[in-house]
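Below, each chain spelled out in residue letters.
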Amino acid sequence: MNRTEFIIATAIILFVAFAAGWFANWLVHRFTRVKQSDVADLDRMSQELHEAEETRDQAITYLQQRESELTNQLSQTEAELNAAMEGLRDARREAEELRARIG
């Protein structure tokens, strides 16, 4: 094989390698291309996810506020109960003192 034949054979091999690489690249892009409907579905799902996260955040905020209100109401009720129990104790003590004076 002389020099010219070697150059031509090398050029043909390089061209075939280039063509095979280009064809493989085309096939990969052809089969992995994202369809417009898939993009629309992804957009819709991301919007729904965003709305769900906002709803969750609102629910968490509401529950925190409600928990705070109930905790305050419970502490007020406990304070009123303690005051009523103290008043009842005083009334019983006073009744016992009166019974002791009368009796």
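In the block above lies the structure referred to throughout.
The model shown is predicted, which means the values in this text are computed figures rather than measured ones.

Caption draft 1: Up close: the overall build of the protein chain. Within the protein chain one finds 2 helices and 0 strands. Taking 103 residues into account, the globule formula puts the C-alpha radius of gyration at 13 Å, and the protein chain, at 43 Å, lies well above it. Across its three principal directions, the C-alpha atoms of the protein chain cover 140 × 30 × 15 Å. Taking all 103 residues of the protein chain together, the buried fraction comes to 0%.

Caption draft 2: Structural view of a nonpolar patch on the surface. Taken together, the side chains of Ile-8, Ile-12, Phe-15, Val-16, Phe-18, Trp-22, Phe-23 and Trp-26 present a nonpolar region at the surface, about 910 Å² in accessible area. The residue Val-16 is located in helix H1 (residues 3-32) in this model.

Caption draft 3: Looking closely at the environment of Ala-40. Tracing the chain through its elements places Ala-40 in helix H2 (residues 36-102). Judged by relative accessible area, Ala-40 falls into the partly exposed class, the value being 40%.

Caption draft 4: Layout of the pattern of salt bridges. Tallied over the full model, the rule gives 6 salt bridges. Taking the shortest distance from any N to any O, the salt bridge between Arg-93 and Asp-90 comes out at 2.9 Å. Of this pair, Arg-93 and Asp-90 both sit in helix H2, 3 residues apart, roughly one helical turn. Exposure remark for Arg-93: the relative accessible area of 46% places this residue in the partly exposed category.

Caption draft 5: Just the environment of Val-34, in detail. Within the secondary structure, Val-34 is located in the loop between H1 and H2. A relative accessible area of 53% places Val-34 in the exposed class. For the pair Val-34 and Leu-74, spaced 40 residues apart in the sequence, the C-alpha separation amounts to 57 Å.

Each value, and the rule that gives it
Residues numbered from 1 in each chain as written. Predicted model: local features only at pLDDT ≥ 70, side-chain atom pairs only at ≥ 80, totals over all residues. Heavy atoms only, no water. Helix = DSSP H or I, 4+ residues; strand = E, 2+ residues; numbered from the N terminus. Rg over C-alpha atoms; globule rule 2.2 N^0.38 Å. Buried < 20%, exposed > 50% of the residue type's maximum accessible area, 1.4 Å probe, protein only. Patch = residues over 30% accessible without salt bridge, like charges linked within 9 Å, V, L, I, M, F, W, Y side chains within 5 Å. Areas by Shrake-Rupley, 256 points an atom, 1.4 Å probe, with all protein chains shown as cover. Salt bridge = Lys/Arg side-chain N within 4 Å of Asp/Glu carboxyl O.

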